[in-house]
Amino acid sequence: MDKPVNATSSGLLPPYLKAGDKIAITCPAKKLPNPMTDAIALLQSWELEVIIGDTLDASWHQFAGDDAFRARDFQRFIDDDSIKAIIAARGGYGTVRMIDMVDFSRFAANPKWVVGFSDITLLHAHLFANFNAPSIHGQMPMTIPDASARSLDTLRRALFGEEISYRLNPNPLNRLGEGEGLLIGGNLSILLSASGSVSDMDYTGKILFIEDIGEYLYSIDRMLRTLKRAGKLQNLRGLVVGGFSDLKDNDIPFGQTVPQIVMEVVKDYDYPVCFDFPGGHVPDNCSLVLGKQLNLSVSANYAALKYT
């Protein structure tokens, strides 16, 4: 089980990658439909040595092996000090079924980058909540064949410690202002499911990023209001809204868009809010380093995200 540490304000910063480093691909959740040929070739083109987990060709119902099997595969790479990054091959569902079988104590002694999005939000939250450790919200091997060139370059830059910043076009519902804080977040549904658990984060003073896929509009409204009632939205320094893809509605329309829902929920607060960040279940899923200090500046002409 986990052994949380008293991390400094800078957290357990993993070393950035360099040519020749070993990285691992594993499946903590749903099984893969196809080999990861394109992803392996891309990572090798970055001069990285790719180690393949046993879960990549495993199957147990919808999962990449049973829960204990997936936990062992992840544990293997946590405990191997020669592995400098662990990339989740895909999301889906299943990380919550295996995460409590993993002993993260070696991670505390030898932190490494964990990469993924969607269901992998639980790992991001867990590492930050327990170790104050940064991780990378970005493209995964399964999404790489359809990924934009820009998003893949941001993943490379994040892994190798190169500068990442974003300048977004204005959205009429953006709330202007400037805020700075550690960036947290990911998939809204997974963030909500972590509430009250050992993987739950302290949202106070943070900049929150959210995205989701396949949800009903009323469900997005309910999840955001649940976070608000739990006090998690009150003391943010900023809110960044990414892609909300493949949304559904009821026969009687909900009557609000996602930006309208968000702004109604946070209308009592004064921190900056920006929409249309290219992150989430979209081809242009640009990387964010979660757990790192970020400046969010939202003006009438643009919104800017810059790490400090």
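Residues numbered from 1 in each chain as written. Predicted model: local features only at pLDDT ≥ 70, side-chain atom pairs only at ≥ 80, totals over all residues. Heavy atoms only, no water.

A.B. asks: I tried to follow the environment of K112 on my own but got confused; where do I start?
C.D. replies: Relative to the elements of secondary structure, K112 occurs in the loop between α4 (105-109) and β4 (113-116). On the accessibility criterion, K112 (1% relative accessible area) is buried. For the pair K112 and F77, spaced 35 residues apart in sequence, the C-alpha to C-alpha distance is 9.6 Å. Excluding its chain neighbours within four sequence positions, the residues that come into contact with K112 are P14, F77, I78, D80, D81, I83, K84, A85, I86 and F107. Within the structure, the side chain of K112 is placed 3.3 Å from the backbone oxygen of I78, a separation counted as a polar contact. Within the local environment of K112, its side chain forms a polar contact with the backbone oxygen of D80, the two atoms lying 2.7 Å apart. (Helix = DSSP H or I, 4+ residues; strand = E, 2+ residues; numbered from the N terminus. Buried < 20%, exposed > 50% of the residue type's maximum accessible area, 1.4 Å probe, protein only. Contact = heavy atoms within 4.5 Å. Polar contact = N/O pair within 3.5 Å; in protein donor to acceptor, adjacent residues only side chain to side chain.)

A.B. asks: Help me understand the sheet that holds strand β8 (residues 207-213), please; the structure alone is not making it clear to me.
C.D. replies: Hydrogen bonds between backbone groups are what pair the strands of a sheet, and the pairing can be parallel or antiparallel. Strand order in this open sheet of seven strands is β6-β13-β12-β7-β8-β9-β10, and the pairing throughout is mixed. Each end of this open sheet is capped by a strand with a single partner; those strands are β6 (165-168) and β10 (273-274). Summarising the sheet, strand β12 (residues 293-298) and strand β13 (residues 303-307) pair through five bridges and their orientation is antiparallel. Within the sheet, the bridge partner assigned to L294 lies in β13 and is Y307. (Pairing = 2+ DSSP bridges.)

A.B. asks: Explain the packing of aromatic side chains to me, please; I cannot follow it from the model alone.
C.D. replies: Within a pair of aromatic rings, the relevant descriptors are the distance that separates the centres and the angle that separates the planes. Enumeration over the complete set of coordinates arrives at 10 aromatic pairs. Ring geometry for F104 versus F131: centroids 6.4 Å apart, planes at 45°, classification tilted. Residue F104 is found in the loop between α3 (95-98) and α4, and its partner F131 is found in helix α5 (residues 121-131); the two are separated by 27 residues along the sequence. Residue F104 shares its accessibility class with F131, and that shared class is buried. Here the aromatic rings of F107 and F131 are separated by 5.6 Å at their centres, their planes lie at 50°, and the arrangement is tilted. In this pair, F107 sits in helix α4 while F131 sits in helix α5, placing the two residues 24 residues apart along the sequence. On the basis of relative accessibility, which here comes to 0%, the residue F107 falls in the buried class. Using a relative accessible area of 0% as the deciding quantity, one classes F131 as buried. Three or more aromatic residues joined by ring pairs make a cluster, and in this case those are F74, F104, F107 and F131. Over the ring of Y271 we find R175, and its NZ or CZ is 5.3 Å from the ring centre. (Phe/Tyr/Trp six-rings, centres within 6.5 Å; stacked < 30°, edge-to-face > 60°. Lys NZ or Arg CZ within 6 Å of the ring centre and 35° of its normal.)

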